[in-house]
Amino acid sequence: KEFNQSQYASVAECVAEYGKATSNGIPSLDKGIARLCKHFEDICKFHKNPYVFEVILDKIHDRSSKQAIGEKDKKTTVAEIIKQLQHEVPMRYLHIDEKFKFSVGKKELTFRYWQERLVELTEIEIPVRSKTPWHENFGANTPDQYWL
């Protein structure tokens with residue numbers, strides 16, 4: 001009912017467009033609403049966490065593919081892109097706290113890609129002077145020096 005009002009016409013059009021994915025490419029307001037409700041339900045039961053957001057990717061395609069592809073090939077392409085995201089996202093984002101739950105598709109990601117690949121950590125101590133300028137007696141210990 002609300003979408004029939006003129007002030008919501010553009011929203012109704014957008015939701016109907018979103019419904020195309022499950023209605024053979026024909027815009028469907030009912031199917032769009034159903035899809036959005038499904039996403040909302042997914043958010044509500046995600047790890048029973050009150051602080052959740054979801055990013056919905058729609059109309060995913062492979063830019064490197066120049067040729068027209070069939071419906072089955074589209075599903076394969078989307079599956080490949082999802083798999084690539086599952087691999088690439090943890091590699092690109094280094095400082096995501098492990099308390100943060102992040103999933104792509106149905107796979108929960110952990111952001112320990114680089115930590116698990118480090119063979120050795122190196123410790124470097126840097127002398128810092130609180131009063132003496134750095135260029136005076138460079139390399140010599142001074143009483144106002146401390147180490148980072």
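This report concerns the structure included in the present document. Per-chain numbering applies: the sequence of each chain, read as written, is numbered from 1 onward. The predicted nature of this model means local features are confined to residues of pLDDT at least 70 and side-chain atom pairs, given and counted, to a pLDDT of 80 or more, with totals for whole chains, interfaces and linings taken over all residues. Side-chain figures throughout are based on the complete set of non-hydrogen atoms in the structure, without hydrogens or water.

To continue, consider the packing of aromatic side chains. Ring geometry is summarised as follows: Phe, Tyr and Trp rings, the Trp one being its six-membered ring, pair when their centres sit within 6.5 Å, and such pairs are stacked at plane angles under 30 degrees, edge-to-face over 60 and tilted between the two. For the structure shown, the criterion picks out one aromatic pair. A cation over a ring is seen here: R35 above Y18, with NZ or CZ 3.9 Å from the ring centre. Our definition puts a charge over a ring when NZ of Lys or CZ of Arg is within 6 Å of the ring centre and also within 35 degrees of the ring normal.

Attention now moves to the side chain of R129. Helix and strand labels come from DSSP, where a helix needs a run of H or I of at least four residues and a strand needs a run of E of at least two; each type is numbered from the N terminus. Positionally, R129 belongs in strand β3 (residues 127–129). There is no salt bridge for the buried R129, and the closest opposite charge comes from D144, which lies 5.5 Å off by N-O distance. Polar contacts, as counted here, are pairs of nitrogen or oxygen atoms within 3.5 Å of one another; within protein the pair requires one atom able to donate a hydrogen and one able to accept it, and residues that are adjacent in sequence qualify only if both atoms are side-chain atoms. Only 3.0 Å separates the side chain of R129 from the backbone oxygen of P133, close enough to count as a polar contact. Within the structure, R129 has its side chain in polar contact with the backbone oxygen of E136 (distance 2.4 Å). Only heavy atoms enter the contact rule, under which two residues are in contact if any of them lie within 4.5 Å. Leaving out residues up to four positions away in the same chain, R129 has contacts with W134, E136, N137, F138, G139, A140, T142, D144 and Q145. Residue burial is assigned from relative accessible area. The probe radius is 1.4 Å, only protein chains are included, and a residue is buried under 20% of its type maximum, exposed over 50%, and partly exposed in between. A positive count includes Lys and Arg, and a negative count includes Asp and Glu. His and the chain ends are not counted in either. Any Lys or Arg side-chain nitrogen found within 4 Å of a carboxyl oxygen on Asp or Glu counts as a salt bridge.

What follows is about the pattern of salt bridges. For the structure shown, the criterion picks out two salt bridges. Put simply, K20 and E17 hold a salt bridge, and the shortest N to O gap is 3.0 Å. Taking the relative accessible area as the measure of exposure, K20 reaches 25% and is therefore partly exposed. In this structure, R92 engages E88 in a salt bridge whose closest nitrogen and oxygen atoms are separated by 2.7 Å. On the criterion of helical spacing, the pair formed by R92 and E88 is a turn pair, its members being four residues apart in helix α3 (residues 71–92). By relative accessible area, which is 56% here, R92 ends up exposed.

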